[in-house]
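For reference, the chains in residue letters:
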Amino acid sequence: MTIPLLKLTGINKSFGPIDVLRDISLDVNRGEVLCLLGDNGAGKSTLIKILSGVHKATSGVMEMDGKPVSFDSPRDASDHGIATVHQFGGTFQLMSIGRSFFVGAEPTKRWGPLVIFDRKRANEIAVREMRQLGITRIDDGNRLVGGLSGGERQALAIARAVHFGASVLILDEPTAALGVKEAAHVLRIVLQARQKGIAVIFITHNVVHALTVGDHFAVPIRGSKAADFRKGEKSREEITDLMAGGEQMAELEAEIESYMTKHEGHPPRVGG
Amino acid sequence: MKSETAMQPSEAAIAPLASRSQWPSFGSLVRRPEMGSVIGLIAVFVFFSIFGGEDFLSVGGAASWLNVAAELGIIALPVGLLMIAGQLDLSVGSMVPASSMTVAIISGHFHAPIIVGVLASLGLGLVVGFVNGLLVIRTRVPSFVVTLATLFALAGLTLGLSIILTGSTSVALKSGPIAKLLLGDYIGGKFEVTLFWWIAIVAIVGYILNLSRYGNWILAVGGDSVSARNAGIPTDRLTIALYMGSGLCAAFVGLSQAILYNSAQVAAGQSFIFNSIIAVVVGGVLLTGGYGSVVGIVLGTVTFSVVNQGIFYTGFNANWASLIIGILLLLAVVMNNTFRNMALTYAARTKTRTRS
Ligand SMILES: Nc1ncnc2c1ncn2[C@@H]1O[C@H](COP(=O)(O)OP(=O)(O)OP(=O)(O)O)[C@@H](O)[C@H]1O
Ligand SMILES: [Mg+2]
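What you see is a predicted model; the values in this text were computed from it and never measured.

Some details on the overall build of chain A
Then step 1. In terms of regular secondary structure, chain A is built from 9 helices and 12 strands.
Then step 2. Relative to its 272 residues, chain A shows a buried fraction of 48%.
Then step 3. Counting contacts in chain A only where the partners sit at least 6 residues apart, residues at least 24 apart contribute 63% of the total.
Then step 4. For chain A, the accessible area works out to roughly 12,800 Å², and carbon and sulfur atoms hold 52% of it.

See the structure below:
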């Protein structure tokens, strides 16, 4: 085996008295999609915030290419090639596509004695990069981000990460708010990134989405890693059970079962 | 843009491009964030041209609102930048008299060279701005509260120190011809020199917001400060720098007033607190940050000043000016919201139209 691009060993994280992550170890490889599946509050976002320099782990070792690293800031993490599209936010509603794409890394040019933001180039690159991800409806980098659809906004954020040469791309629930078609598009973009040799960490609640793109899966439950397996090692049902914490799902099934026998085979009405 | 389209020759992509190039002016016009203030200014100007008559339109009439606009504008511009970055600065209302008193006490009461007083005033502005910025980022208390506190603290400090040092709340200042010419005089007997400083500051702030990369940072911080920090923007340093900018500009207005009027009063300048906010908001800046333009701030400033001074050229009681400004503020904000929403949806709507 080659050295994993990113290796976590025994990561712990507490916010004051609350232990959010306990002894998490993970390998992330180039050209692979690692899916983090887990219930609300399992600690997925916290884990990737450690990877992206937003939080610092309370203890544990993080290695890139076999060398230990520690990130002091999001800037630090992105300098190491880790690009993150966070669960909430990440795009600027009232900024143009071109401006938003280059926030913090603006292209500049000289204009007489002044150094100015090269808006034309920013717009061109942003539009081109989005088109390369198949978002062909966008042709004007001056359009405001707030006028884009959810999927287009995700694509903008991903295009930005790809453009700046990320070697690790972290996506926190990029398909959560999307319709079927837009979600499919984002999944396709994830596969495109994988093909470029980027290591993708993909967070989702949706087992179908995970199985579509994932090579490698990890399931954190209440801060501890409950399972770690590769594609094909577990069925969809098994994964769903795992995420819900096993027993609870079985309980729920039993409940539905008994309901159906009592009501002559009618399933309970949903939302009634 | 052309080569972009050639790369991916899809029908849907080309159609809106073609339609946009036929109507570039309309599309970009509607998308301007300051459309509301343009309409507001035209309305106000027409109104006072009718009721104010020739006097309002004369050189003297123009000078009267331009002078007000210059002083207000010098403060409104950095306050506007702060608002775009998601912050308020109320302390300018105390910074102006604090700076007036500083220069008057140092160079008037203690007879130090005027340059010493001027530099001390500007330095005080930078220090107050720094303190504001530091308090805002460290305490995470909303800037409204922080700068309300510094507004009062600075007012108290100015009053207390003036009494201790001079025994008075108003101090005379005699400055030499050069200081007068540069900082506080009337050109042609009518136009304050601050007009030229205002123009210079418009250019500087315009460069910062529209042309430099820092403009992008300011928009991003105001739009979503967490995301901006995650994108690697030094948000704390940016916030402090912006507060120092507004402190500096408020100090400038204060010292130029002292030099112009040959005296300084402890209680002058409170009107700048709300007037600067009105000018900025009428100019299309979003109160919650993330959106705004320098052109808009200038238009908002001029609109305010025209109402403020134009009223004296009509036969109406000057008290009506506040009523007009109140109505204007509401109308301008409603219009600005409408135009902002149009900017968000404009492109999408053209597309549907071209497709069907
Ligand atoms: N800054 C913080 N301070 C204190 N507790 C926190 C903080 N951030 C997260 N937590 C807690 O840590 C736990 C894990 O949160 P996290 O956001 O990582 O969950 P998640 O797996 O991403 O959930 P979701 O699927 O809902 O996004 C939660 O119980 C949350 O309340
Ligand atoms: Mg989360």
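A look at the overall build of chain B
Then step 1. When helices and strands are tallied, chain B shows 16 helices and 4 strands.
Then step 2. For chain B, with 356 residues in total, the buried portion stands at 52%.
Then step 3. For chain B, long-range pairs separated by at least 24 residues make up 78% of all intrachain contacts whose partners lie at least 6 apart in sequence.

A short note on the site of ligand 1
Residue and element names in this part refer to chain A.
Then step 1. Near ligand 1 lie 13 residues; those nearest to it are Asn40, Gly41, Lys44, Ser45 and Thr46.
Then step 2. For ligand 1, an oxygen atom lies 2.9 Å from a polar atom in the backbone of Gly41.
Then step 3. Separating an oxygen atom of ligand 1 from a side-chain N or O atom of Glu173 is a distance of 3.1 Å.
Then step 4. In isolation ligand 1 has 640 Å² of accessible area, and contact with the protein removes 63% of it.

As for unusual backbone geometry
Residue and element names in this part refer to chain A.
Then step 1. Phi at Glu173 takes a positive value of approximately 50°, unusual for a residue other than glycine.
Then step 2. Mapped onto the secondary structure, Glu173 falls in the loop between strand E9 (168-172) and helix H6 (180-195).
Then step 3. Residue classification places Glu173 among the buried residues on the basis of a relative accessible area of 12%.
Then step 4. For Arg222, which is not glycine, the phi dihedral falls at a positive 40°.
Then step 5. Turning to its location among the elements, Arg222 is positioned in the loop between strand E11 (216-221) and strand E12 (224-230).

Some remarks on the packing of aromatic side chains
All names here are of chain B.
Then step 1. All told, the structure shown has 14 aromatic pairs over all chains when counted by the stated rule.
Then step 2. With a centroid separation of 5.1 Å and an interplanar angle of 85°, the aromatic rings of Tyr214 and Trp217 are classed as edge-to-face. Placement of both Tyr214 and Trp217 in helix H11 (residues 213-223) is noted, with a separation of 3 residues, approximately one turn of the helix.
Then step 3. The exposure class assigned to Tyr214 is partly exposed, which follows from its relative accessible area of 43%.

Some points on the pattern of salt bridges
Residues and elements named next belong to chain A.
Then step 1. Counting across every chain of the model gives 12 salt bridges over all chains.
Then step 2. A salt bridge links Glu124 to Lys120, with the nearest nitrogen and oxygen atoms 3.6 Å apart. Of this pair, Glu124 and Lys120 both sit in helix H4 (residues 119-132), 4 residues apart, which is roughly one turn of that helix.
Then step 3. The salt bridge involving Glu152 is made with Arg137; its shortest N-O contact spans 3.2 Å. One end of the pair, Glu152, is in helix H5 (residues 150-163); the other, Arg137, is in the loop between H4 and H5, with 15 residues separating them in the sequence.
Then step 4. Within this structure, Lys109, Asp118 and Arg121 form a network of salt bridges that share partners.

With respect to the side chain of B:Asn216
Then step 1. Along the chain, B:Asn216 falls in helix H11.
Then step 2. When its relative accessible area of 0% is taken as the criterion, B:Asn216 is described as buried.
Then step 3. The residues touching B:Asn216, leaving out its near neighbours within four places in the chain, are A:Met95, A:Arg99, A:Phe102, A:Val103, A:Glu106 and A:Phe117.

Brief notes about the confidence of the model for chain B
Residue and element names in this part refer to chain B.
Then step 1. Per-residue confidence for chain B gives a mean pLDDT of 86, with 87% of residues at or over 70.
Then step 2. The secondary structure element of chain B with the lowest average pLDDT is helix H1 (residues 2-7), at 36, and the one with the highest is helix H7 (residues 114-139), at 97.
Then step 3. Here residues 1-24 is modelled with pLDDT under 50, and outside its nearest four sequence neighbours on either side it reaches 29 contacts, counting other chains as well.
Then step 4. Every residue in residues 348-356 scores below 50 in pLDDT, and together they form 11 contacts with partners more than four places removed in sequence or on other chains.
Then step 5. Complex prediction metrics read pTM 0.84 and ipTM 0.79.

Some remarks on a nonpolar patch on the surface
Residue and element names in this part refer to chain B.
Then step 1. A cluster of nonpolar side chains, namely Ile42, Val46, Phe47, Ile50, Phe51, Phe316, Trp320, Leu323, Ile327 and Leu331, defines an oily patch on the protein surface of about 980 Å² accessible area.
Then step 2. Those elements giving two or more residues to the nonpolar patch turn out to be helix H4 (35-57) and helix H16 (320-355).
Then step 3. Broken down by element, the nonpolar patch gets its largest block of residues, 5 residues, from H4.
Then step 4. Here Phe316 is to be found in the loop between helix H15 (294-310) and H16.

Describing the nonpolar core
Then step 1. Membership of the largest hydrophobic core comes to 87 residues, with the highest contact counts inside it found for B:Ile75, B:Trp198, B:Ile218, B:Ile233 and B:Val306.
Then step 2. For this core, the leading source of residues is helix H5 (residues 59-84) of chain B, giving 13 residues.
Then step 3. The residues contacting B:Trp198, other than those within four sequence positions of it, are B:Leu66, B:Ala69, B:Ala70, B:Gly73, B:Ile74, B:Leu77, B:Val298, B:Thr301 and B:Val302.
Then step 4. A:Val33, A:Phe101, A:Ala126 and A:Ala157 belong to the second largest nonpolar core, which has 48 residues in total.

Remarks on the environment of A:Phe102
Then step 1. In this structure, A:Phe102 sits in the loop between helix H3 (97-101) and strand E7 (108-111).
Then step 2. Spatially, the C-alpha atom of A:Phe102 lies 32 Å from that of A:His216, the residues being 114 residues apart in sequence.
Then step 3. With sequence-adjacent residues up to four places away left out, A:Phe102 is seen in contact with A:Pro107, A:Ala122, A:Ile125, A:Ala126, A:Arg160, A:His163, A:Phe164 and B:Asn216.

Digging into the packing of helix H14 (residues 271-282) of chain B against H15(B)
Residues and elements named next belong to chain B.
Then step 1. In the contact formed by H14 and H15, the axes pass within 7 Å of each other and the chain directions differ by 125°. As judged from the angle between their axes, H14 and H15 are oblique. Once H14 is placed against H15, the crossing between them reads as right-handed. In this structure, H14 contributes Asn275, Ile278, Ala279, Val280 and Val282 to the contact, and H15 contributes Ile297, Gly300, Thr301 and Phe304.

Things to note about the domain arrangement of chain A
The figure often quoted for interface size is the accessible area lost as the parts come together.
All names here are of chain A.
Then step 1. Once the domains are mapped, chain A shows domain 1 (1-89 + 169-234) and domain 2 (92-147).
Then step 2. Computed over C-alpha atoms, the centres of domain 1 and domain 2 are 28 Å apart.
Then step 3. Between domain 1 and domain 2, the residue contacts involve 5 residues of the former and 6 residues of the latter.
Then step 4. A per-residue breakdown of the area domain 1 buries against domain 2 is headed by His185, Ile189 and Gln192, which together make up 72% of the total.

Concerning H15(B)
Residue and element names in this part refer to chain B.
Then step 1. The first and last C-alpha atoms of H15 sit 23 Å apart over 17 residues, in line with the 24 Å expected at 1.5 Å per residue.
Then step 2. Counting buried positions along H15 yields 14 of 17 residues, so the element is predominantly enclosed.
Then step 3. Residue Ser293 occupies the N-cap position of H15, its side-chain oxygen lying 3.0 Å from the main-chain nitrogen of Gly296.

Reading guide: rules and limits
Residues numbered from 1 in each chain as written. Chains lettered and ligands numbered in written order. Predicted model: local features only at pLDDT ≥ 70, side-chain atom pairs only at ≥ 80, totals over all residues. Heavy atoms only, no water. Helix = DSSP H or I, 4+ residues; strand = E, 2+ residues; numbered from the N terminus. Buried < 20%, exposed > 50% of the residue type's maximum accessible area, 1.4 Å probe, protein only. Contact = heavy atoms within 4.5 Å. Areas by Shrake-Rupley, 256 points an atom, 1.4 Å probe, with all protein chains shown as cover. Near = heavy atom within 4 Å. Polar contact = N/O pair within 3.5 Å; in protein donor to acceptor, adjacent residues only side chain to side chain. Phe/Tyr/Trp six-rings, centres within 6.5 Å; stacked < 30°, edge-to-face > 60°. Salt bridge = Lys/Arg side-chain N within 4 Å of Asp/Glu carboxyl O. pLDDT = per-residue confidence, 0-100. Patch = residues over 30% accessible without salt bridge, like charges linked within 9 Å, V, L, I, M, F, W, Y side chains within 5 Å. Core = buried A, V, L, I, M, F, W, Y, C linked by side-chain atoms within 4.5 Å. Axes fitted to C-alpha atoms, helices over the stretch in contact; angles between N-to-C directions. Parallel < 35°, antiparallel > 145°, perpendicular 65-115°, else oblique. Left-handed = near helix turned anticlockwise from the far one by under 90°. Domains from an automatic or database assignment. Buried area = accessible area lost by both parts, 1.4 Å probe. Expected span 1.5 Å × (residues − 1).

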